Each structure stands twice: as C-alpha cells, then as structure tokens.
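Examination of the molecular architecture
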Amino acid sequence: MKISGRTRILGIFGHPIGHTLSPAMHNAAIEALGLDMVYIPFSVRPSRLKDAVEAIRGLDILGINITIPHKEVVIDLLDKLSEEARAIGAVNTIINSNGMLIGLNTDGQGYLRSLKGDAGFNPKGRDIVLVGAGGAARGILTALAGEGPASIIIANRTTSKAESLVDEFKVKFPDIDLRACALDTSELKDPLKTAALLINTTSLGMEGKGRLELPLEEMPGGAVVSDIVYKPLKTDFLKKAQDLGLVVHDGLGMLVQQGAISFKIWTGLDAPVDIMRNVVERALEEE
Ligand code: ATR
C-alpha cells in the first residue's frame, strides 16, 4: 500500500474495535480500484467520541463508519442526518462534505440489497416474521417496510419493545399489517405457517451467545430463513433451516452490502462487492 501526500483517510470508530472486518474489506476495495485512500480502525472510547468526531473535521478525514457502542449517541454530534438515519435513529456512516458532517445509515439498505441479490427475495406483498426489536431490527424494519410487504410480525423477548416499534411504524406505514408478539414458540407457530421470510436480528446464535430455537418445521416450502449473525456464518438456526430444505440467507451479504453502499457514498464509485465478499469470507475462515 502506498501512502502519498494526497492520500484520503477513511475509517471506523468503535469500542472495542479489534475484531472489525471493515478495514480488510474496504482496503481491498480501495486497492482493487487503485484509489489513493486508506481505511483505518480507530478505538474510540465513549468518553472520547466528541473529540473523535471533531477530529474528522480537524484532520479532514473523508468518511467514517460508526459501530458499537456509538451508533445512536453520535447523532447529536453531527451537522445533518439522512432521512433514513433519522427514521432508524442510528448512524453507521459519516461523510465529511467540506467540514459538514452528514450521518447516514446503510445497514437496512445493505440488508435489503443482500436479501434481494443473495436470496432472490422480494418483500413486496409478502408475510414476514422479524425476531428482535433493537437497533439492528429498526434498520431492517425501515428498509423492509419501504418495500410494501403485506405483514410484519415483530417477535421479541421483551414484548413491550416490539409493541413500541409496531406503534411507531404503524404511523409511518399504515398499509402494512404490523403486529407484535413474544419470542415464544406457541405464539409463533401460526405466523410461521404462512411466513415467506423469517429474520433473526438479535445476537442469538452468535459465538458465546444463546441459541435461537423456533419451530421452523412449521414454515412453508420455499420460505427464506435469514440471520444477520455472521460469526459463525452458519448459525444453528440456519443449519436447522437448511436441513428442513428452506432457503437460507446468512449475515455475510448484509455486512458486505452495507460496506459497499458506504464506499459509494464516500468515493462515488460502485464497490467491487465480489472482492469485498471474498476478503471477509477468508478472514472469517481464518478466525
Ligand atoms: P442491536 O443494536 O444489535 O440490535 P440491541 O439494541 O441491544 O442490539 O438489541 C438486542 C436485541 O436482541 C433485542 O431485541 C434483545 O431482546 P430484548 O429487547 O428482550 O432485550 C435481543 N436479545 C439479546 N439477547 C437475547 C436473549 N438472550 N434472548 C432473547 N433475545 C435477546
């Protein structure tokens, strides 16, 4: 990698940051397109986030990704927000436009692009069951709702959080049949019988976390089972879906596509998604 006097800086703020795959993914894209840029991980403690955001201006950094635990709190430190970031209530991408810091969120659109491209699924008019009601769920829900599905059932351990999400999204999307329920096999049995898509937006299934146990055998043939977890790439939840002959969609595509959309925002160029996917896949295999 060559660093010149004109090299533009991209990066990611998070804490902890050591396990991020974004530098490998973006630097591979930068190299493939021969750009004079570099993507750097920055370990930013919550108490230093304000300083770090100010440094984007001070150092004339071109663009930054924001990850855990800063996605929500960073909003108040920015000059402008995209409509989507405002709707989601979280920012994962900042672009520095001549000192004006604009916050965007590419997670939901990244998920949608992967769902359509990798799983061949079009949400329009379909019945969807979404597990989780946290930040990731908000991003995915915002993107899916914009596609005009017939119904979305939000299932969450804390039912009241699912109910608040439903109340909020009902106002914005009155044509969608939105409902909340508990993350409970008996409540989900019937909805899963007619669901075309089931998505896990929680961390259940991730290495070191609990398992997500749902009655997947109720789902109709051809239904898609989707998981945003990518460590491991094939969660037990997806393995069970695969054994049942359902269509399986793992979290790698969302990771790559949210990065590709951020890359386009910063560079104006279409990202080399196949190269980015290969790099991330290899990094996951090596871990
Ligand atoms: P993120 O931004 O990654 O979505 P979050 O906002 O903390 O993280 O949300 C985590 C989601 O995973 C929530 O839906 C949470 O359920 P609760 O609202 O009931 O807390 C869900 N979750 C996390 N651990 C869980 C577990 N062990 N069992 C069931 N749901 C879990």
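Structure's up top.
In this report, we go over the structure that sits alongside the text. (Residues numbered from 1 in each chain as written. Predicted model: local features only at pLDDT ≥ 70, side-chain atom pairs only at ≥ 80, totals over all residues. Heavy atoms only, no water.)

**A look at the pairing of strand β10 (residues 197-200)**
Here β10 shows two buried faces, one formed by L197 and I199 and the other by L198 and N200. With 4 bridges connecting them, strand β7 (residues 127-131) and β10 associate as parallel partners. Within β10, the residue paired with V131 across the bridge is N200. Note: β10 against strand β11 (residues 224-227), 4 bridges, orientation parallel. Its bridge partner lying in β11, L198 is registered against V225. (Buried < 20%, exposed > 50% of the residue type's maximum accessible area, 1.4 Å probe, protein only. Helix = DSSP H or I, 4+ residues; strand = E, 2+ residues; numbered from the N terminus. Pairing = 2+ DSSP bridges.)

**A look at the sheet that holds strand β2 (residues 37-43)**
Spatial strand order, β2-β1-β3-β5-β6-β4: 6 strands in an open sheet with mixed pairing. The sheet is open, and its two edges are formed by β2 and β4 (80-81), each paired on a single side. Where strand β1 (residues 8-14) lies against strand β3 (residues 63-66), 4 bridges are found, and the strand directions are parallel. Within the sheet, the bridge partner assigned to F13 lies in β3 and is I66. Of the strands in this sheet, β1, β3, β5 (93-97) and β6 (100-104) are in contact with helix α2 (residues 49-58), which crosses β1 at around 170 degrees. (Contact = heavy atoms within 4.5 Å. Axes fitted to C-alpha atoms, helices over the stretch in contact; angles between N-to-C directions.)

**A few points about the site of the ligand**
Taken together, the residues surrounding the ligand are G132, A133, G134, G135, A136, N156, R157, T158, K161, L183, T202 and L204. Between N156 and the ligand, the recorded distance is 2.7 Å, taken from a side-chain N or O atom to an oxygen atom. Considered on its own, the ligand offers 640 Å² of accessible surface; in the complex 65% of this is hidden by protein. The class makeup of the residues in the shell around the ligand is 4 nonpolar, 6 polar and 2 charged. (Near = heavy atom within 4 Å. Polar contact = N/O pair within 3.5 Å; in protein donor to acceptor, adjacent residues only side chain to side chain. Areas by Shrake-Rupley, 256 points an atom, 1.4 Å probe, with all protein chains shown as cover. Nonpolar A, V, L, I, M, F, W, Y, C, P; charged D, E, K, R; others polar.)

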